[in-house]
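# A closer look at the structure
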Amino acid sequence: MFERSRRRKRLKKVKPGDGRPLKPYRPWHSLWRTLFLLDVEEPDGTPTRYAVDVDYFVFDDTVSLYRDGEQVAKAEPPAVLPTSVGVIEVETTMYGLRRMHLVREDGSEQQLRPHRGTPEEWRSRMGSRFPRASRVIAGAAIAVLIVGLVLVVPQALERISEIEWVATNIGTFRSPVELPAWLNATLVTAGLLAAFERALTLRNHWLIDADTWLLGD
């Protein structure tokens, strides 16, 4: 019930597209853009290709929906974009995507396919060709983020408690963890890489990924 209400609210924020053609995706676009595809069969049997274009460097209307190469809708993330077979839910993070799924009327979900040449497609291909190595990388990313959560959060709380208003009204907090600057820098770098790896596979957990905003601060 809550999910349906949230989708309706997000659908109201969708703007109509202007019919512009979809720009071809080039390898260097991965620095600021990603593209996902969905091929469906219409009720009359005709094939249709939907494309969701996400531009991370534009602060409004960053998610555009294309139907057979023509822009039909646009919205700010988190977005819910209407199609003939359901809605496409798009959610982003500081490091990439959290969600890019088609949700049908019966509640079933399907992740869209990353366009060839995108970092997400490269990571997906790696997972198919080298599943064992892929699992090791995914596990290492989780371990790095958990370590970061344990070590970075107490230090962040100490910094917050040093703010005058917080110290006066709530009190100060002394972190039991004190790490040298080089180790903190290493943790931040590893955390950024781990967060990026998680975004490439569209994985996000409220606890495991809770510290990524701190790592990116």
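Before any of the text, the structure's been laid out above.
Remember, predicted model here, so these are calculated numbers, not experimental data. (Residues numbered from 1 in each chain as written. Predicted model: local features only at pLDDT ≥ 70, side-chain atom pairs only at ≥ 80, totals over all residues. Heavy atoms only, no water.)

### Here we look at the sheet that holds strand E5 (residues 70-75)
Strand order in the open sheet formed by six strands is E1-E5-E4-E3-E2-E10, with antiparallel pairing between adjacent strands. With one partner strand each, in any of the chains shown, strand E1 (15-16) and strand E10 (113-114) form the two edges of the open sheet. Taken together, the five bridges between strand E4 (residues 63-67) and E5 define a ladder with antiparallel strand orientation. When the sheet's bridge partners are listed, Tyr66 is paired in E5 with Gln71. (Pairing = 2+ DSSP bridges. Helix = DSSP H or I, 4+ residues; strand = E, 2+ residues; numbered from the N terminus.)

### Comments concerning the pairing of E5
Pairing of E1 with E5, which is carried by two bridges, proceeds in the antiparallel orientation. Bridging across to E5, Lys15 finds its partner in Lys74. Where E4 folds back on E5, the antiparallel hairpin that results is connected by two residues, among which Asp68 adopts a positive phi of roughly 50°.

### Focus: the nonpolar core
Membership of the largest hydrophobic core comes to 21 residues, with the highest contact counts inside it found for Val52, Leu81, Ile88, Val90, Met100 and Leu112. If you list the elements that add at least two residues to this core, you get strand E2 (33-41), strand E3 (47-55), E4, E5, strand E6 (79-83), strand E7 (86-93) and strand E8 (96-103). Discounting residues that sit within four places of it in the chain, Leu112 has contacts with Phe36, Leu37, Leu38, Val52, Ile88, Met100, His101 and Leu102. Core analysis: the second largest hydrophobic core is formed by five residues, Tyr25, Leu37, Ala51 and Tyr66 among them. (Core = buried A, V, L, I, M, F, W, Y, C linked by side-chain atoms within 4.5 Å. Buried < 20%, exposed > 50% of the residue type's maximum accessible area, 1.4 Å probe, protein only. Contact = heavy atoms within 4.5 Å.)

### Notes on the packing of helix H2 (residues 119-129) against helix H3 (residues 131-161)
At a minimum axis distance of 5 Å, the contact between H2 and H3 shows a crossing angle of 120°. Between H2 and H3, the angle falls in the class oblique. For the pair H2 and H3, the contacting residues are Arg123, Met126, Gly127, Ser128 and Arg129 in the first and Pro131, Ala133, Ser134, Ile137 and Ala138 in the second. For the contact of H2 with H3, the class distribution of residues is five nonpolar, three polar and two charged. (Axes fitted to C-alpha atoms, helices over the stretch in contact; angles between N-to-C directions. Parallel < 35°, antiparallel > 145°, perpendicular 65-115°, else oblique. Nonpolar A, V, L, I, M, F, W, Y, C, P; charged D, E, K, R; others polar.)

### A short note on the side chain of Ser161
The residue Ser161 is located in helix H3 in this model. Only 2.8 Å separates the side chain of Ser161 from the backbone oxygen of Glu158, close enough to count as a polar contact. Not counting residues up to four positions away in its chain, the partners in contact with Ser161 are Val166, Ala167, Gly171, Thr172 and Phe173. (Polar contact = N/O pair within 3.5 Å; in protein donor to acceptor, adjacent residues only side chain to side chain.)

### Considerations on the sheet that holds E6
Strand order in the open sheet made by the four strands is E6-E7-E8-E9, with antiparallel pairing throughout. Each edge of the sheet is formed by a strand with only one pairing partner; in this case those strands are E6 and strand E9 (109-111). When the angles between neighbouring strand axes are averaged without regard to direction, this sheet yields 25°. Sheet topology places E6 next to E7; five bridges connect them, and they run antiparallel. Looking across to E7, one finds that Val80 is bridged to Glu89. Sheet contacts for helix H1 (residues 2-11): E6, E7 and E8; angle to E7, the most-contacted strand, approximately 85°.

### Some words on unusual backbone geometry
The amide bond that connects Pro77 to the next residue, Pro78, takes the cis arrangement and shows omega of 0°. Mapped onto the fold, Pro78 is located in the loop between E5 and E6. For Asp68, which is not glycine, the phi torsion reads 50° and is therefore positive. Its place among the elements puts Asp68 in the loop between E4 and E5.

### As for the pattern of salt bridges
Any two side chains of opposite charge can pair if their charged atoms end up close together. Using the criterion set out here, one finds 15 salt bridges in the structure. A salt bridge links Glu197 to Arg123; its shortest N-O distance comes to 2.5 Å. A residue pair is termed long-range when its members are at least 10 positions apart, and Glu197 in helix H5 (residues 181-200) and Arg123 in helix H2 qualify at 74 residues. You'll find Glu197 and Arg123 in the same group, each marked buried. Here the residues in one salt-bridge network are Arg7, Glu89, Arg99 and Glu109, joined through shared partners. (Salt bridge = Lys/Arg side-chain N within 4 Å of Asp/Glu carboxyl O.)

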